[in-house]
Amino acid sequence: MKILVIEDDTQLGEQICTALEGTDWVPELSSDGIDALYRATSEPWEMIVLDLGLPKIDGLTVLRGIRDAGIDTPVLILSARNTLTQRVDGLNAGADDYLTKPFDMVELIARIRAQLRRSSGNPSPVVQAGQLSLDTRTSKVFWQGEQVSLTALEYKVMAYFFHHADRVISRTELVEHIYKQDFDRDSNTIEVFVGRIRKKISPTIIKTVRGLGYQLNAE
Ligand code: CA
C-alpha cells in the first residue's frame, strides 16, 4: 500500500515514514508543495498524509489541486493549525481526516488504517474474502481459520490483493505498490512471491490472468 507523506520538516517526515514502514505500507516523502502536487496527481497512492504549512504551494492548495484533478485518494491532514476554522477548512477542501500536531504515531497509524478500510469497502479491521481473512491491526492472514505464516513482503502482496480483490492486478502495479521507489525493482520476483503464497495457502488462492496479471480467488 503506497502512502505519500507530504511534510517539509524532514526529520518528522522521516519519523513518519519509518513508523509507516513498520506496518505493511510503502511510504514516500515529499517535502514541498509543487513536488507534492505533481506526485499526488501523477502516481497512484492508496493514502496521502498532508502537512499544511509547506514551501512553494500551501497544503490546502495542494489538496484542492488533488481533488480538482478528480483524485479521490483518502487524504489525512496532519497539521499544527488546530483552530476549529482551520480544521473545518481542511475538511471542506476535501480532506477525509484531520489530526493536529503534536500527535502520537499510534493514532496516526490507526487513522490511516481506518481510512484504508473505508476506501476498500471493508469497514471492519478484519477483512474477509471467502475462506481467507486478514487482520489489518496485527498484519496476520488466516486461511480456513488457521494463521498462515507470511514474510513481511508476502504479507504486503496479500494485503494489496485484498484491498483490490475485485479486479486483476498487473505485475507492474504490484511491484510499484510493494517496493519503495529507489528499490531495485524486478517484476520477476512477483512470480516468486505469488508461488510462495500459493504454496503456503492454496494453489488456487491467486489465479493468473493470462497477459494481464493476477487476481485473488479466495472462494
Ligand atoms: Ca510544515
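Residues numbered from 1 in each chain as written. Predicted model: local features only at pLDDT ≥ 70, side-chain atom pairs only at ≥ 80, totals over all residues. Heavy atoms only, no water.

1. Overview of the overall build of the protein
In plain terms, the rule: Counting from the N terminus, the helices are the DSSP runs of H or I reaching at least four residues and the strands are the DSSP runs of E reaching at least two. The globule rule used for comparison is 2.2 Å times the number of residues to the exponent 0.38, while the radius of gyration itself is calculated over C-alpha atoms. Only protein chains enter the area calculation, which uses a 1.4 Å probe; residues under 20% of their type maximum are buried, those over 50% are exposed, and those in between are partly exposed.
In terms of regular secondary structure, the protein is built from eight helices and eleven strands. Taking 2.2 N^0.38 as the reference for a compact globule, 219 residues should give roughly 17 Å; the C-alpha atoms of the protein span a radius of gyration of 18 Å, in line with that estimate. The principal-axis extents of the C-alpha atoms in the protein amount to approximately 55 × 30 × 30 Å. For the protein, the proportion of its 219 residues judged to be buried stands at 49%.

2. Remarks on empty space enclosed by the protein
Rules: We place a 1 Å grid over just the protein atoms. Points where a 1.4 Å probe fits but has no way out form a cavity, open points with protein on both sides within 12 Å along at least 5 of 7 lines form a pocket, and any residue with an atom within 4 Å of a point lines it. Grid points are joined across faces, edges and corners, and a volume is the space filled by probe spheres set on the points. Residue classes follow a fixed rule: Ala, Val, Leu, Ile, Met, Phe, Trp, Tyr, Cys and Pro count as nonpolar, while Asp, Glu, Lys and Arg count as charged, and any other residue, Gly among them, counts as polar.
By the definition in use, this model includes one cavity of 30 Å³ or more. Of the volumes computed, that of the largest cavity is approximately 160 Å³. Lining the largest cavity are 15 residues, with Met1, Leu116, Leu134, Thr136 and His163 sitting closest to its centre. Of all elements in the fold, only helix H5 (105–119) and helix H6 (152–163) reach the threshold of two or more residues within the lining of the largest cavity. When grouped by side-chain class, the residues that make up the lining of the largest cavity number eight nonpolar, four polar and three charged.

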